[in-house]
Every structure is written in structure tokens, then in C-alpha cells.
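# Structure at a glance
What follows is the residue order along each chain.
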Amino acid sequence: MIEQNYLCAGNHQGAQIIMVSFDPTLKRNQRLLCQKCLDDLQLPTKVEGFQKTLDSIQDIDNVLKILDALIKVVTDWKMQFQQISKTKIVYSFLDELESLVYRQQHYKQQEILERINKMN
Ligand SMILES: [Zn+2]
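Residues numbered from 1 in each chain as written. Predicted model: local features only at pLDDT ≥ 70, side-chain atom pairs only at ≥ 80, totals over all residues.

This brings us to the environment of Leu38. Secondary-structure assignment places Leu38 in helix 1 (residues 35–40). The class of Leu38 is partly exposed, set by 15 C-beta atoms lying within 10 Å. Sequence-wise, Leu38 and Met19 are 19 residues apart; in three dimensions their C-alpha atoms are separated by 8.1 Å. When neighbours within four sequence positions are excluded, Leu38 is seen to be in contact with Met19 and Leu33. (Helix = DSSP H or I, 4+ residues; strand = E, 2+ residues; numbered from the N terminus. Buried ≥ 20, exposed ≤ 12 C-beta atoms within 10 Å, placed from the backbone. Contact = placed C-beta atoms within 7 Å.)

Below, the structure written as C-alpha cells:
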């Protein structure tokens, strides 16, 4: 939300801001201009309609909101991906454990068979 109460460069009380100056040499409290400010303006300066500037700022605000939403989607996706990765690690660990148990059983059976063979 952009604040709506502004004071023009000339401090003209209650005056409607109609233009905005983009002159980089001006201070921030010198950029907003009412009709009286424009009438008094002596130096040539790059100005733009106040409403157009306000729209541009709101456009930027909207882009930032979209970026925030995208960042949230990417963060959620990243968390889901990390969760899936963890699940896969658990699964592969269980697979490896199963394989280890099977191999140990297999060796034990072989050992027993070898002992029986030796006894014969
Ligand atoms: Zn003014």
C-alpha cells in the first residue's frame, strides 16, 4: 500500500500533486509538484504526471507481489523436493539393509553347508 498524503515541493497546503520531477539533483521532498510549484518552476527539469508515476510505483508493487508469490511457490517446491529426497534416502537405506541381511543369511547358510561338507 502506497501512502496517499503528500506535500508538494513548495509546501503549498492542500494543493493537489500533479507532477513528479525526476531531476536527480533534487532532494526527495522536492520531487512532488502542484500547479503552483509548476508555475514557480524556473529550471528545466524532467517531470512526469503524478498519476503515471503512482501507477508505475503500483506496477512495481504488483511485480514484487508476483515475485513474492513465485518465491513462495519455489520455496514450497524446494521443501517438497527435500522431503522426497529424504524419503528416497530412507528407502534406499532400507533396501541396503535388506540386501545386507540377505547377504549375511546367505553367508551363514554357506558356512553351515561347508561345515556339513567337512563333517562328511
Ligand atoms: Zn506546490
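Moving on, there is more to tell.
Attention shifts here to the nonpolar core. Judged by nonpolar contacts, Cys8, Ala9, Ile17, Met19, Val20, Leu32, Leu33, Cys34 and Cys37 together constitute the single largest core of 9 residues. Among the elements of the structure, strand 1 (17–21) and strand 2 (32–34) are those that each provide at least two residues to this core. Here Ala9 is in contact with Asn29, Gln30, Arg31, Leu32, Leu33 and Cys37, once residues within four sequence places are set aside. (Core = buried A, V, L, I, M, F, W, Y, C linked by C-beta atoms within 7 Å.)

Take unusual backbone geometry next. In the Ramachandran plot, Asn11 falls in the positive-phi region, its phi being about 55 degrees despite a non-glycine side chain. Tracing the backbone through its elements, the reader meets Asn11 in the segment before strand 1. Overall, the presence of 10 C-beta atoms within 10 Å leaves Asn11 in the exposed class.

For strand 1, a buried count of 4 out of 5 residues is recorded, marking the element as mostly surrounded by other parts of the structure. Judged from the 3 bridges that link them, strand 1 and strand 2 form a sheet pairing that is antiparallel. Directly across from Val20, in strand 2, lies its bridge partner Leu32. The pairing of strand 1 with strand 3 (residues 47–49) spans 3 bridges and is classified as antiparallel. Paired with Val20 across the strands is Glu48, a residue of strand 3. (Pairing = 2+ DSSP bridges.)

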